[in-house]
Amino acid sequence: MMRGLSNRIVRRLREIRPARPRPPVNRRRVYGFAVVGVATLSLLALCADRSRLALGFAVAVVLAVLWVAWTAHRALVTTGLALVWWFITAPHVGLLAAGGNGPAQVSFAMSPAIATVGALGAVAGLVAVLSRTPRPALTVMLAWATNALVVWAASYLLPTNAWAVGYVVTIAVLAWRAGFRWRGRNRGCPPGVNPELHALLAAVPGGHVGAVAGRANRTVTVLAAPSGVYSVTPLLRPGTVATTPRGSRLLIDGRPLPKVSTAVRASRLTRNRLRTPVQPVLAVLTAGFADGLARATTDGATDVLVIRGDLLAGRLAHGPPVLTGNQLRRLARRIGAAAPPPEESS
């Protein structure tokens, strides 16, 4: 019993769980409610005391701006608060950097330390926002905690250069969090991946394209991107793809398209191998597909994205990031471990 419980705990810890994307926000509705709220509060201030109308209007505007910012721009607000905390605490972190110096050298060591901590905060904010990592405020606070701890520890080992040690380690943490690598993720077409399909998937920014060994010497093409993990099944048959009137099934030249079921089975196999949620995708490469994008279901529960080849990279790169750089690196290693031998082909 204990062994089974420990195995379940280990499997749970090894599972890569992407962040849940926030539902889209109707910004027009949010701003409309803010305008109505400002008008209502201003009218109440006018009815209560006309001399305090300006103060009531100012309070209403501030409350509306805060509500709009938290509702429609939550990531931006939390990141801004994290950066404010960083800059407020910069003198204290600088004091930690100078703590290992003698009394006569503390003021001399604090000046470059505070300047470096402030510049590092600006770098952390830019990296968190421009790299499109999930939860940018968490990235900023993680960098702040790393810098403070490293500076405090290094102040006793390298008193005059503690701020520099903290700078280097924090930059390394930011690079790790943002998923930066010295070399590109894709080094040519992996074995078992259709070359035309690989060329389309390689255009997804920050993505890693690979293959997972399947049954009967077949392989499954996998894309791990910031927007999620996808098992991509190519459709190489000529013809014309169309949807049924209800849009739940796909037809090719008037006949049911069996590749949809194949894409679902490929996603299940990939999910078991990589231990992470996988979205099945059917890439229409050679057949005609006027709609360009559709969703099809076979078992009533799994949606298959059916995408025309020229729209593939743009659609899979679209959406908020749900995987961090560290999770993408772990997935790349798992894809490499589950890759087929070089002699197998898709």
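This structure is a prediction, so every number in the text was calculated from the model and none was measured.

With that out of the way, let us pick up the sheet that holds strand E9 (residues 293–297). Judged by pairing direction, the sheet is mixed, and its six strands sit side by side in the order E1-E2-E3-E7-E10-E9 without closing on themselves. Looking along the sheet, the strands with just one partner apiece sit at the ends: strand E1 (208–213) and E9. Strand-to-strand twist of the sheet, defined as the mean angle between neighbouring strand axes without regard to direction, takes the value 30°. Inspection of the sheet shows strand E3 (residues 228–235) paired to strand E7 (residues 279–284) by six bridges, in the parallel sense. Looking at the pairing, Ser 231 lines up with Pro 280 of E7. Helix H10 (residues 259–274) contacts E1, strand E2 (219–225), E3, E7, E9 and strand E10 (303–308) of the sheet and is inclined by roughly 145° relative to E3. Running at roughly 165° to E2, helix H12 (residues 325–337) makes contact with E1, E2 and E3 of the sheet.

For the pair helix H8 (residues 162–178) and H12, the least separation of the axes is 5 Å and the interaxial angle reads 60°. Here H8 lies oblique to H12, going by the angle between them. For the pair H8 and H12, contact is made by Ala 175, Trp 176, Arg 177 and Ala 178 and by Gly 325, Asn 326 and Arg 329, respectively. Each residue belonging to the contact of H8 with H12 can be placed in one class, and the counts come to three nonpolar, two polar and two charged.

This next bit is on the pairing of E1. For E1, a buried count of six out of six residues is recorded, marking the element as mostly surrounded by other parts of the structure. Burial of E1 is two-sided: the residues His 208, Gly 210 and Val 212 facing one way and the residues Val 209, Ala 211 and Ala 213 facing the other way are all buried.

This brings us to a nonpolar patch on the surface. A cluster of nonpolar side chains, namely Leu 41, Leu 44, Val 59 and Leu 63, defines an oily patch on the protein surface of about 350 Å² accessible area. Only helix H2 (27–48) and helix H3 (53–72) provide two or more residues apiece to the nonpolar patch. Take Leu 44: it is sitting in helix H2. What makes Leu 44 exposed here is its relative accessible area of 54%.

On to the pattern of salt bridges, then. One pass over the structure, following the stated rule, counts one salt bridge. Ionic pairing is found between Arg 308 and Asp 310, a salt bridge with its closest N-O pair at 2.8 Å.

We now examine the pairing of E9. Covered by surrounding structure in E9 are Ala 294 and Ala 296 only, the residues Leu 293, Arg 295 and Thr 297 on the alternate face being uncovered. The pairing of E9 with E10 spans five bridges and is classified as antiparallel. Counterpart to Ala 294 in the pairing with E10 is Val 306.

Now for the environment of Asp 253. With respect to the helices and strands, the residue Asp 253 is situated in the loop between strand E5 (250–252) and strand E6 (255–256). Placed twelve residues apart in sequence, Asp 253 and Val 241 show a C-alpha to C-alpha distance of 6.6 Å. In contact with Asp 253, not counting residues within four places along its chain, are Pro 238, Gly 239 and Thr 240.

Attention shifts here to the side chain of Thr 270. Residue position: Thr 270 is located in helix H10. Within the structure, Thr 270 has its side chain in polar contact with the backbone oxygen of Ala 266 (distance 2.8 Å). The residues touching Thr 270, leaving out its near neighbours within four places in the chain, are Val 220, Val 222, Ser 231, Arg 275 and Val 278.

Right, let's get into the packing of aromatic side chains. Scanning all chains against the criterion turns up one aromatic pair. Measuring from ring centre to ring centre gives 5.7 Å for Trp 85 and Trp 144, while their planes differ by 65°; the resulting arrangement is edge-to-face. Taken together, the positions of Trp 85 in helix H4 (residues 74–88) and Trp 144 in helix H7 (residues 136–157) put the pair 59 residues apart, joining distant regions of the chain. Given the relative accessible area of 41%, Trp 85 is considered partly exposed.

Nonpolar side chains in soluble globular proteins tend to be buried together. If you look at the biggest cluster of nonpolar residues, it comprises 18 residues, and the most contacted ones within it are Leu 197, Leu 201, Leu 223, Val 232, Val 281, Leu 312 and Leu 316. No other element matches the three residues that helix H11 (residues 312–317) contributes to this core. For Leu 223, the residues in contact, after removing those within four places along its chain, are Leu 201, Val 204, Gly 207, His 208, Val 209, Gly 228, Val 229, Tyr 230 and Leu 316.

So, on to H8. Look at H8: 24 Å from first C-alpha to last across 17 residues, which is about the 24 Å you get at 1.5 Å a residue. Listed as buried for H8 are Ala 162, Gly 166, Thr 170, Val 173, Leu 174 and Arg 177. Along the axis of H8, the buried positions cluster into a sector of 100°, meaning they face one direction only.

The next point concerns the sheet that holds strand E4 (residues 240–243). Working definition: the strands of a sheet are paired by backbone hydrogen bonds and lie parallel or antiparallel to each other. Strands sit in the order E6-E5-E4-E8 across an open sheet of four strands; the sheet is mixed. Edge strands, defined here as strands with exactly one partner in the open sheet, are E6 and strand E8 (288–289).

Predicted coordinates in areas of low pLDDT are best not read in detail. On average, residues of the protein chain carry a pLDDT of 75, and 74% of them reach 70 or more. Confidence over residues 181–186 falls short of pLDDT 50; this stretch has twelve contacts with residues more than four positions distant or in other chains.

Criteria and cut-off values
Residues numbered from 1 in each chain as written. Predicted model: local features only at pLDDT ≥ 70, side-chain atom pairs only at ≥ 80, totals over all residues. Heavy atoms only, no water. Pairing = 2+ DSSP bridges. Helix = DSSP H or I, 4+ residues; strand = E, 2+ residues; numbered from the N terminus. Axes fitted to C-alpha atoms, helices over the stretch in contact; angles between N-to-C directions. Contact = heavy atoms within 4.5 Å. Parallel < 35°, antiparallel > 145°, perpendicular 65-115°, else oblique. Nonpolar A, V, L, I, M, F, W, Y, C, P; charged D, E, K, R; others polar. Buried < 20%, exposed > 50% of the residue type's maximum accessible area, 1.4 Å probe, protein only. Patch = residues over 30% accessible without salt bridge, like charges linked within 9 Å, V, L, I, M, F, W, Y side chains within 5 Å. Areas by Shrake-Rupley, 256 points an atom, 1.4 Å probe, with all protein chains shown as cover. Salt bridge = Lys/Arg side-chain N within 4 Å of Asp/Glu carboxyl O. Polar contact = N/O pair within 3.5 Å; in protein donor to acceptor, adjacent residues only side chain to side chain. Phe/Tyr/Trp six-rings, centres within 6.5 Å; stacked < 30°, edge-to-face > 60°. Core = buried A, V, L, I, M, F, W, Y, C linked by side-chain atoms within 4.5 Å. Expected span 1.5 Å × (residues − 1). Arc of directions from axis to C-beta. pLDDT = per-residue confidence, 0-100.

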